[in-house]
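Each chain is listed here by its residues.
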Amino acid sequence: MNRIHKKLQKTDKVLSIYFTAGYPNLNDTVTIIESLEQSGVDMIEIGLPFSDPLADGPTIQASSTQALKNGMTTAKLFEQLKDIRKTVSIPLIIMGYFNPILQYGVEKFCKTCQEIGIDGLIIPDLPVSEYNAHYKTTFEKYGLINVFLITPQTSEERIQFIDSISNGFIYMVSSASVTGSQSGFGDQQTEYFKRIACMQLKNPQIVGFGINNNETFMQATDYAKGAIIGSAFIKHLNEHGVSKISEFIKGIRA
Amino acid sequence: MKLKVCGMTSGENIQAIASLKPDFLGFIFYEKSARFITSDIPELPKSIKKVGVFVNASESEIIDTVSKYDFQVVQLHGDESPEFCSSLQSKQSNLEIIKVFSIKDHFNFKVLKSYESVCDYFLFDTKGKLPGGNGYSFNWNILEAYPSTKPYFLSGGIGLDDVKNIHQFLKSSASKYCYALDVNSKFETAPGLKDFNLVQQFKTQILSNTSTMNYNINEHGYYGEFGGAYIPEMLYPNVEELRQNYLKIMAEPDFKAEFNQLLKDYVGRPSPLYFAKRLSERYNTKIYLKREDLNHTGAHKINNTIGQILMAKRLGKKRIIAETGAGQHGVATATVCALMGIECVVYMGEIDIARQAPNVARMKMLGATVVPALSGSRTLKDATNEAIRDWINNPVDTHYIIGSVVGPHPYPNMVARFQAVVSEEIEWQLQDKEGRTKPDHVIACVGGGSNAAGAFYQFLNDTDVNLIAVEAAGLGVHSGESAATSALGKEGIIHGSKTLLMQTDDGQITEPYSISAGLDYPGVGPMHANLFRTSRAEFISITDDEAMQAGLELCKLEGIIPAIESSHALAVFKQRQFKPDDVVVLSLSGRGDKDLNTYINYFDL
Ligand SMILES: Cc1ncc(COP(=O)(O)O)c(C=O)c1O
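In this text, all values refer to a predicted model and were calculated from it rather than measured experimentally. (Residues numbered from 1 in each chain as written. Chains lettered and ligands numbered in written order. Predicted model: local features only at pLDDT ≥ 70, side-chain atom pairs only at ≥ 80, totals over all residues. Heavy atoms only, no water.)

**Some words on the site of the ligand**
Residue and element names in this part refer to chain B.
- Around the ligand, the structure places 18 residues, and the nearest of them are Ser404, Gly447, Gly449, Ser450 and Ser589.
- Between Lys301 and the ligand, the recorded distance is 3.1 Å, taken from a side-chain N or O atom to an oxygen atom.
- Side-chain polar atom of Ser589 to a nitrogen atom of the ligand: 2.7 Å apart, as the coordinates give it.
- Expressed as a share of its isolated accessible area of 390 Å², the protein-covered part of the ligand is 97%.
- Class assignment of the residues belonging to the shell around the ligand gives a composition of five nonpolar, eleven polar and two charged.
- The residues that make up the shell around the ligand include at least three from each of domain 2 (226–267 + 298–413) and domain 3 (273–297 + 416–603). (Near = heavy atom within 4 Å. Polar contact = N/O pair within 3.5 Å; in protein donor to acceptor, adjacent residues only side chain to side chain. Areas by Shrake-Rupley, 256 points an atom, 1.4 Å probe, with all protein chains shown as cover. Nonpolar A, V, L, I, M, F, W, Y, C, P; charged D, E, K, R; others polar. Domains from an automatic or database assignment.)

Dropping the structure here:
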């Protein structure tokens, strides 16, 4: 059984943290992952930086640009993560855009993920149809869960379809936006959270985009299985460095 | 085009190659050859003709061998006389005869005459030390002088590397009677042992182009292997709405009527097809300029923005966003938004805003908001990213007017269709002027590829029309400062489309460079990626310097100051020769007003 399934079976109010690998410093990756686990985070999304992150707002863009300047590459990230399973046991997901994965070689990428102990992938610009037609068997061969997104604009029919082909969780984008562009959830979001909760999907949902404090975390997890924090965490890293990670997590959980 | 594979020596290898179904398999019965066959020939599929190859063998030896192996064809590679062929023909009436001639730098085609009636095909091979199998090719242009109508085989050192040359050759008149390609030594792992994969690749690459092929989009949104819609789920509803409606809307009579009327009364179409007499004299060919520079706002870009603003209105959109590099597309978008009274936001890289001040001012005068793209390299690719982000943030009321044949399906196809008016006009204008609808060559510069898509559109599947796509080589293709995507790019994903793009080994998109801001894009539209991959179009790279000189030359010869983008297309005449009676149409995509500063600085005016 995949670590993601186990975690989602046992835990509610799952807290997942996104960070950009290679930021603030090239070799912070392992330190950040270990401190996140020690601070009680349930799941981690390791961001593979890309030059042109279309779905991301300024915070994650800037961290990606910096990470690339620092020298981060796909091969480098894998090298850093080589022994990660000796110290870390929570689910690890790689989130990245498709082009770097394509250039690395999809099969080789998946194989290395399995060797390292990566549990799943989130690739925002790999559409469902392409995944199904060309990559599903490869992902499955290496035991990787592919996570799909839904948004407030996704039709009910498509949500049902995405649920039917998902196996792990559904990444529920909180609002029509890129990452990091929200402050607080209004009635619209709450209604959307409720609407999805009522659909009784087979896969649990984890909310992402716009979660930045205890309040938004609680609002999201009232309806969904968990929530993902990205930009707010990166801002925190930017301001306080890697040594103050547990303070940030405490603030969210409070 | 037929394929003949020649010179296998082992049964197993013969069977492997036969499974690829070439049209002919040749077996060499010449003891001195490294490919002399001693093994048995296995049963072969009936569709493959078996050819026995002989060098000065006696008639009885040939007849015995033919009956032993049941050959349908013999290839005579020595000094066999017409009388010899005639005698063989009379004794074996069902046997087809290929007579071989070797060509070095010259060939006296008169010798063919006496063989005309006594053989079925000619075969042209490279003259070398050996009777065949020398492993290098002759200058195929010699065949321009081929006086006969007999089908011939082209042979001599043909390899996988020649695919592009072959496609080129097949477009030329020299290939009119070329019936088959004959391959041998370049496809071997050892003499007599053919490499299955190489032959397979060669076959698909040759056939993909010579059988009737569709170079337009398929029902899945792909041009060959390029295209698709690699977009985040957040964009799915917008792109899907467009995909489901664009063809329907474009087919509506009142849409067409409004589009055509605006193109006529507002843009000033049809744009003239102008015979450039002095330029033609300079390059000794017939050059027509398709004058997109005379359109309102000074370039072809407006054809697309007119189409898309009408599309946006019919989709009920209230707000328009666009990206721009040099500002041409931004101005064209701001213009149609003013025309329709719709809000307009244009994203432009911070660096481009600084270097294209007049166009920024134009957009502002036209009522658009110009938003600087501050991320990444702060140029066109980042402006495109920002526009896409805006669209993600405004999924309901906003339409994104992309400025070229790039982006997720259906954009490349929709933009190409709006630009297709260019080649539609070329057809009837050429009919008036030359009494024919098809030019011999069409030349256009390629940034994303929209003016080229428009100029090529009607001729895509007519392989008699040679398409020439011109990319910006900047300071030189391999200088590190270039935008020659086809030469430098690899397959990947940019702005929602699988295509060729310039990137690092790690898949990070790199910054291109060209003196012309409109060609300064790291990718190329998927249609062009496919035209490149299939060799349907010829791709030529032109440096800054070559383009600037060609631009100045047009000023002096024709009194037309071209956009620097279009100057790249003009520079082709220095690189490539055309025949005196060739009809060459060049897409003069824009006027040079916007580039005056660059011209001033470059020429120290
Ligand atoms: C005059 C002109 N020609 C060509 C181009 C290149 O675009 P495309 O390749 O889409 O025709 C531009 C782009 O700004 C342009 O302004």
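**Considerations on helix α12 (residues 357–365) of chain B**
Residue and element names in this part refer to chain B.
- Where α12 is concerned, the buried positions are Asn359, Val360 and Met363. Buried residues along α12 cover an arc of 105 degrees about the axis, so they all sit on one side. Along α12, exposed side chains directed more than 90 degrees from the buried face belong to Lys364 and Met365.
- As for α12, its buried residues are in contact with β15 (319–324), α10 (328–340), β16 (343–349), α11 (350–355) and β17 (369–373).
- Within two residues after α12, Gly367 carries a phi angle of roughly 95 degrees, on the positive side. (Buried < 20%, exposed > 50% of the residue type's maximum accessible area, 1.4 Å probe, protein only. Helix = DSSP H or I, 4+ residues; strand = E, 2+ residues; numbered from the N terminus. Arc of directions from axis to C-beta. Contact = heavy atoms within 4.5 Å.)

**Some remarks on the pattern of salt bridges**
Residues and elements named next belong to chain B.
- Taken as a whole and judged by the stated rule, the model has 50 salt bridges over all chains.
- Its salt-bridge partner being Glu425, residue Arg269 comes within 2.8 Å of it at the nearest N-O pair. Here Glu425 lies in helix α15 (residues 421–434) and Arg269 lies in the loop between α7 (253–267) and β13 (273–275), a separation of 156 residues in the sequence.
- The class for Arg269 is buried, based on a relative accessible area of 5%.
- Between Glu386 and Arg389 there is a salt bridge, with the nearest N and O atoms lying 3.0 Å from each other. Separated by three residues within a single helix, Glu386 and Arg389 lie in helix α13 (residues 380–393), roughly one turn from each other. Note on accessibility: Glu386 and Arg389 belong to one class, buried.
- In this structure, a network of salt bridges that share partners links the residues Glu252, Asp254, Glu258 and Arg314. (Salt bridge = Lys/Arg side-chain N within 4 Å of Asp/Glu carboxyl O.)

**Some words on helix α11 (residues 231–240) of chain A**
Residues and elements named next belong to chain A.
- Every buried residue belonging to α11 is among Ser231, Ala232, Phe233, Ile234, His236 and Leu237, and all of these are buried.
- On its buried face, α11 is in contact with β1 (14–20), α2 (29–38), α3 (58–70), β9 (226–229) and α12 (245–253).
- Two residues or fewer after α11 comes Gly241, characterised by a positive phi angle close to 75 degrees.

**Concerning the environment of Thr379(B)**
Residues and elements named next belong to chain B.
- Its location among the elements puts Thr379 in the loop between β17 and α13.
- For Thr379, a relative accessible area of 9% corresponds to the buried category.
- Along the chain, Thr379 and Glu323 lie 56 residues apart, while their C-alpha atoms are 9.9 Å from each other.
- Among residues more than four places away in sequence, those in contact with Thr379 are Gly349, Ile351, Asp352, Arg355 and Glu511.

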